[in-house]
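Architecture and fold: a report
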Amino acid sequence: MGVKKVYTIITRKTNWCIGQTRKFTTKLPEKPTYISTPIFYVNAKPHIGHLYSVVLADSIKRYHELKGHNVILSTGTDEHGLKIQQAASANRKSPQEFCDEDLFNRANISYSKFIRTTDERHKEAVQVFWDRLVAGQYIYKDVHEGWYSVSDEAFYPESQIRAFTDPSSGENYMVSIESEQRVVWMKEENYKFRLSILRDKILQWLEEKPSVIVPEFRVNEVKGWLESGLTDLSISRASSRVGWGISVPGDPEQTIYVWLDALINYLTVTGFPWSNDTRDTMLSNGWPADLHVVGKDILRFHALYWPAFLIAANIPLPRKILAHSHWTMGKQKMSKSRGNVVDPFQLLDLYGVDAMRYYLMRDGGIADDGDYSEDWIQERYRKELAGQLGNLLSRCTSATVNPSQHIPPKPAKSTSEDIILHQKLIELPDLIDQCYDEAQFRKALDLITNTLAEANKYISDNQPWILVKDPGQAELFDEERRWDAAKFGKGWPDQNNLSRHLGTLEKVLFPPLRK
Ligand code: MSP
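Presented here is a report on the structure given in the accompanying data block. Quick caveat, the model's predicted, so the values are computed rather than measured. Here the residue index of a chain counts from 1 through its sequence in written order. Local features are withheld for residues below a pLDDT of 70 in this predicted model, meaning they are given only at 70 or higher, and side-chain atom pairs are given and counted only at 80 or more; totals for whole chains, interfaces and linings count all residues. In computing side-chain values, all of the structure's heavy atoms are included and hydrogens and water are not.

Quick look at the overall build of the protein
To qualify as a helix, a DSSP run of H or I must reach at least 4 residues; to qualify as a strand, a run of E must reach at least 2; elements of each kind are numbered from the N terminus. Regarding its fold elements, the protein presents 15 helices and 20 strands. Excluding contacts between residues fewer than 6 apart, the proportion of contacts in the protein whose partners are at least 24 apart in sequence is 74%. All accessible areas in this document rest on Shrake-Rupley with a 1.4 Å probe, and a residue is counted as covered only by the protein chains that are shown. As presented, the protein carries roughly 26,000 Å² of accessible surface, and 51% of it is formed by carbon and sulfur atoms. The contact criterion used is simple: two residues touch if any of their non-hydrogen atoms lie within 4.5 Å.

As structure tokens, then:
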């Protein structure tokens with residue numbers, strides 16, 4: 001009684017101490033796989049790009065769930081800062097909330113946590129985090145001046161701005177070269193974070209974990225920023241200018257910089273500050289994050305500032321950051337002023353949730369931008385979803401081909417044509433695994449669609465509606481949905497399982513489009 005067993009475990013690849021052997025007196029808590037999306041500003045209408053970030057994260061989350069992992073997916077809204085404050089005063093009321101939450105619910109996003117930075121729990125987490133930075137002597141007060149973009153909520157150095165003339169009003173002003181957003185000169189006393197002294201540590205992290213940023217070429221971008229030097233970062237604003245936010249502990253005259261506030265959301269959702277503050281509590285709550293999904297425009301905040309803040313607060317760094325590319329329209333950046341924005345709600349109503357999710361994953365960019373086109377939504381719908389997937393399902397399950405509506409037995413013999421298709425089906429799950437490992441989602445869907453096309457061709461060639469009297473020719477229908485069930489031949493009945501019913505198809509999968 002009372003003697004604890006000593007376990008020795010070689011952890012799995014997905015565990016936090018990869019490949020290490022360690023001894024401990026209690027069982028390791030199971031670390032959930034933790035995937036996050038960015039949190040979204042509430043001052044603008046939900047955008048197709050927002051939906052893309054979230055569908056991407058949800059697709060990866062569901063993939064891990066199919067593998068039987070316990071997964072947390074977090075998303076939410078970024079509700080503080082000057083940008084939101086200005087939107088609020090323009091409307092003479094509290095910030096208008098265009099609700100991304102409604103969009104994500106409409107799009108069937110299976111998030112486990114929805115965080116708002118105005119949550120009381122989050123305020124507490126941010127203030128504890130701030131105190132840790134103070135305790136580590138990473139914060140000092142100084143006069144800060146520079147070019148600030150309210151839209152990006154970021155300061156830019158002189159080398160990253162240029163003059164700009166507004167084509168419609170003729171007004172001259174300065175903009176950020178990277179984001180093309182207007183910048184204004186700002187000068188005031190702020191708290192600063194000693195980012196500059198962390199340069200080597202961030203570099204070391206990138207060298208030691210070369211695949212921490214996906215796609216890999218983006219690592220060079222981050223290294224380039226590091227090589228051009230890091231200056232200390234202003235991490236507060238005078239409350240008289242920016243009152244919409246979380247106050248600096250012990251100094252209500254200053255409001256915490258919105259990006260520091262926003263990044264800490266990733267910890268808040270894991271219950272930070274963790275009770276007992278032990279490594280095991282941290283792990284069982286999900287931290288470190290397994291994956292931050294972000295757009296390429298906010299990589300600097302996630303690959304430089306966030307690791308720096310975490311190193312300073314002595315908290316482990318995230319395991320992976322996936323920086324996706326953007327949606328353009330007519331190869332142009334989407335923007336309200338160009339009038340090339342689309343309403344994701346309307347598209348979901350028109351084409352349905354699954355078709356839109358499919359389109360975003362099929363044509364959305366990871367390394368390169370994806371160009372949005374409604375013609376392509378229709379093309380993908382007609383040719384791939386209705387023409388291949390829907391068609392194959394109805395062909396395999398129709399009462400003409402399979403009058404008993406039961407899963408047919410394993411065929412007694414196979415033709416060479418059968419064997420070729422069988423082999424492709426055997427190989428497919430591993431190929432998809434590889435694509436998900438390499439963030440090649442487009443390729444994964446391409447492989448699946450090509451296989452569907454081959455299966456459809458097989459059916460056309462073999463004409464089961466003619467061979468219907470031979471039930472051995474009918475195709476399978478398997479109700480099992482997990483990854484390990486997605487193996488060729490898995491659902492074939494054996495002696496113990498002779499009469500599995502196909503189930504009932506309530507409606508046609510991907511019916512013809514009305515427009
Ligand atoms: N609030 C910050 C993120 C804080 S995370 C700690 C923010 N919000 S945002 O609402 O402006 O953007 C959220 C996400 O939408 C970003 O990942 C951004 O890349 C993505 N998109 C916005 N426009 C986009 C496209 N046109 N295409 C694809 N995604 C883009 O930044």
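Still to come is the rest of the account.
Quick look at the pattern of salt bridges
What makes a salt bridge here is a side-chain nitrogen of Lys or Arg within 4 Å of a carboxyl oxygen of Asp or Glu, nothing more. Per the stated rule, a full pass over the model turns up 24 salt bridges. Across the salt bridge formed by K192 and D142, the nearest N and O atoms sit 3.4 Å from each other. Of the two residues, K192 is situated in strand 10 (residues 182–193) and D142 in strand 6 (residues 139–149); the sequence distance between them amounts to 50 residues. Connected via shared salt-bridge partners are R362, D363, R380, E384 and D446.

Overview of helix 12 (residues 353–363)
Relative accessibility thresholds used throughout: buried, under 20% of the residue-type maximum; exposed, over 50%; partly exposed, between the two (1.4 Å probe, protein chains only). With 10 of 11 residues buried, helix 12 lies mostly within the body of the structure. Buried within helix 12 we find V353, A355, M356, R357, Y358, Y359, L360, M361, R362 and D363.

So, the site of the ligand
When at least one non-hydrogen atom of a residue lies within 4 Å of a molecule or strand, that residue is treated as near it. Around the ligand, the structure places 23 residues, and the nearest of them are I39, D78, G295, D297 and W327. Any pair of nitrogen or oxygen atoms within 3.5 Å is treated as a polar contact; in protein, a donor-acceptor pairing is required on top of that, and neighbouring residues in sequence qualify only through side-chain atoms on both sides. I39 is positioned with one of its backbone polar atoms (N or O) 2.8 Å from a nitrogen atom of the ligand. Between the ligand and D297 there is a distance of 2.5 Å, counted from an oxygen atom to a side-chain nitrogen or oxygen. Isolated, the ligand exposes 670 Å² of accessible area, and the fraction of that covered by the protein chains is 92%. The biggest single contributor to the shell around the ligand is strand 3 (residues 33–41), with 4 residues. Each residue is assigned to one class: nonpolar for Ala, Val, Leu, Ile, Met, Phe, Trp, Tyr, Cys and Pro, charged for Asp, Glu, Lys and Arg, and polar for all the others, Gly among them. Grouping the constituent residues of the shell around the ligand by class yields 11 nonpolar, 10 polar and 2 charged.

Regarding the pairing of strand 4 (residues 71–78)
Taken across its 8 residues, strand 4 has 8 buried, putting it largely inside the fold. Across 7 bridges, strand 3 lies against strand 4 in parallel orientation. Residue pairing across strands places I35 opposite L73, the latter belonging to strand 4. For the handedness criterion, the strands are oriented away from the viewer, and a crossover whose path from the first strand over the helix to the second runs clockwise is classed as right-handed. A crossover links strand 3 with its parallel partner strand 4, the connecting element being helix 1 (residues 48–66), and its sense is right-handed. Note: two strands are recorded as paired if DSSP finds a minimum of 2 bridges between them. As paired strands, strand 4 and strand 5 (residues 113–116) are joined by 4 bridges and run parallel to one another. Its bridge partner being in strand 5, G76 is matched across the sheet by I115.

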